[in-house]
Amino acid sequence: MSRRNTSHLLRSRTILYAVLLVSSVALLTFVFFRQKPLEYYDRTEYLLGTYVTVRVSSSKMSPVTLAEAAMAEMERIDDKFGSRSNGVIAELNRSGELHDIDKETSFLIKSALEIARNTSGAFDPTLYELTKLWGFDDESSEKRIPSEKEIEEALGSTGFSRITFVEESQYVSLADGAMLDLGAIAKGYAVDMAIAKIKALDDGATGFIDAGGDIGVIGPKYGSRPWIVGVRDPRGESVQDVIEYIYLYDGAVATSGDYERFFIEDNVRYHHILDPETGYPSRNGVISATVIGKSAMLADAYATAAFVTGMEPGVTFLPRFGALVLLVMEDMSTFKSPGFEVYQER
Ligand code: AMP
Ligand code: MG
């Protein structure tokens with residue numbers, strides 16, 4: 001072999017070793033410094049009268065801290081706005097009027113009134129007296145069919161027109177002994193606020209919060225994939241029985257159904273979503289209403305409203321306020337607002 005060939009061989013070998021060395025260093029660096037795959041932390045607690053699950057992941061901080069902050073925020077809202085607690089709404093119901101209401105209370109009352117107007121009163125935040133009569137104010141309350149006279153009397157102290165709210169002077173009052181019940185909107189609001197708390201701690205956190213069927217997205221799964229939300233079969237045995245799927249990257253979805261709180265007497269189902277006009281459980285063929293909205297608060301409130309407005313005008317009218325509706329009827333047929341199906345494609 002000539003000297004020229006030998007040196008050529010040596011050079012090729014050196015290059016080969018160098019390439020091998022560089023790629024092994026690169027591989028080792030990748031293995032050592034590769035980010036751990038995102039893992040989701042789940043936490044479930046009984047809050048807001050239901051089971052609330054926070055599923056969250058963060059590449060910045062402990063997801064336990066984030067979930068705890070979210071739970072604490074929802075507990076704060078439950079205490080403040082629950083009709084049975086010692087918060088501001090309970091105080092208003094006792095005294096009939098409040099001065100110097102804070103910004104948050106003002107926002108929630110204003111939103112409730114706006115939704116009541118938008119739905120021509122199908123959503124009505126003053127039905128507390130009726131809700132108590134039926135025993136739907138608390139799990140431990142006796143559930144019973146009130147007499148017609150009782151309902152008639154209670155109707156004399158319900159109706160959102162009995163609320164006087166003056167935002168500028170931070171004033172609210174209730175006429176004729178009306179009592180405020182934010183039960184159809186506060187859960188959604190709590191979910192929104194809990195998500196805001198998480199985002200303030202880590203803007204890049206992802207996951208969702210599910211408060212008994214009111215779901216708000218913190219961020220897409222693994223940062224890029226949608227969360228798959230199952231709409232419960234209203235007559236199914238468990239939450240696992242699903243009739244439709246929704247794919248959500250952001251925003252919120254809420255369901256109101258006649259299976260959530262009810263009792264059956266003489267084969268008739270009496271449930272907790274009341275028709276503000278009659279004072280009886282709303283009966284128009286709808287057994288569940290699901291609303292996709294920008295915020296959990298809006299989805300929550302409009303889902304209750306859609307349950308009461310029913311197919312017409314619910315499905316066609318509510319999208320005007322950003323509420324896309326899916327109704328499940330007694331015969332298990334379904335109706336969707338135009339555009340709803342966009343959320344049913346992956
Ligand atoms: P949701 O489960 O979100 O549909 O809210 C139902 C709760 O809201 C009930 O338990 C009552 O406290 C209250 N509620 C019942 N009927 C109505 C209605 N038509 N509008 C607003 N709130 C209602
Ligand atoms: Mg609701």
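Reference entry: report on the structure contained in this document. In this text, all values refer to a predicted model and were calculated from it rather than measured experimentally. (Residues numbered from 1 in each chain as written. Chains lettered and ligands numbered in written order. Predicted model: local features only at pLDDT ≥ 70, side-chain atom pairs only at ≥ 80, totals over all residues. Heavy atoms only, no water.)

**Quick look at the site of ligand 1**
With respect to spatial proximity, 18 residues lie near ligand 1, and among them Asp124, Asp181, Ser256, Leu274 and Thr304 are the closest. A distance of 3.2 Å separates an oxygen atom of ligand 1 from a polar atom in the side chain of histidine 272. Contact with the protein chains covers 97% of the free accessible surface of ligand 1, which is 500 Å². If one sorts the elements of the shell around ligand 1 by residue count, helix H8 (residues 296-309) sits on top with three residues. Residue classes in the shell around ligand 1 are distributed as eight nonpolar, five polar and five charged. (Near = heavy atom within 4 Å. Polar contact = N/O pair within 3.5 Å; in protein donor to acceptor, adjacent residues only side chain to side chain. Areas by Shrake-Rupley, 256 points an atom, 1.4 Å probe, with all protein chains shown as cover. Helix = DSSP H or I, 4+ residues; strand = E, 2+ residues; numbered from the N terminus. Nonpolar A, V, L, I, M, F, W, Y, C, P; charged D, E, K, R; others polar.)

**Considering the coordination of the magnesium ion (ligand 2)**
Protein-derived ligands of the magnesium ion (ligand 2) are Ala184 (O), Asp300 (O), Asp300 (OD) and Thr304 (OG1), with the metal-ligand distances lying across 2.0 to 2.7 Å. Spacing between the donor residues of the magnesium ion (ligand 2) along the chain follows A-x115-D-x3-T. One end of the pair, alanine 184, is in the loop between strand S5 (171-174) and helix H7 (186-201); the other, threonine 304, is in helix H8, with 120 residues separating them in the sequence. (Donors = N, O, S within 2.8 Å, 3.2 Å for Na, K, Ca; no water.)

**Looking at the sheet that holds strand S4 (residues 163-166)**
Here we have three strands laid out as an open sheet, ordered S3-S5-S4, and antiparallel in their pairing. Looking at the sheet topology across the chains shown, the edges are occupied by strand S3 (97-98) and S4. The sheet contact formed by S3 and S5 spans two bridges and is antiparallel. Directly across from leucine 98, in S5, lies its bridge partner valine 172. Packing against the sheet, helix H4 (residues 103-118) makes contact with S4 and S5, and its axis sits at approximately 125 degrees to S4. (Pairing = 2+ DSSP bridges. Contact = heavy atoms within 4.5 Å. Axes fitted to C-alpha atoms, helices over the stretch in contact; angles between N-to-C directions.)

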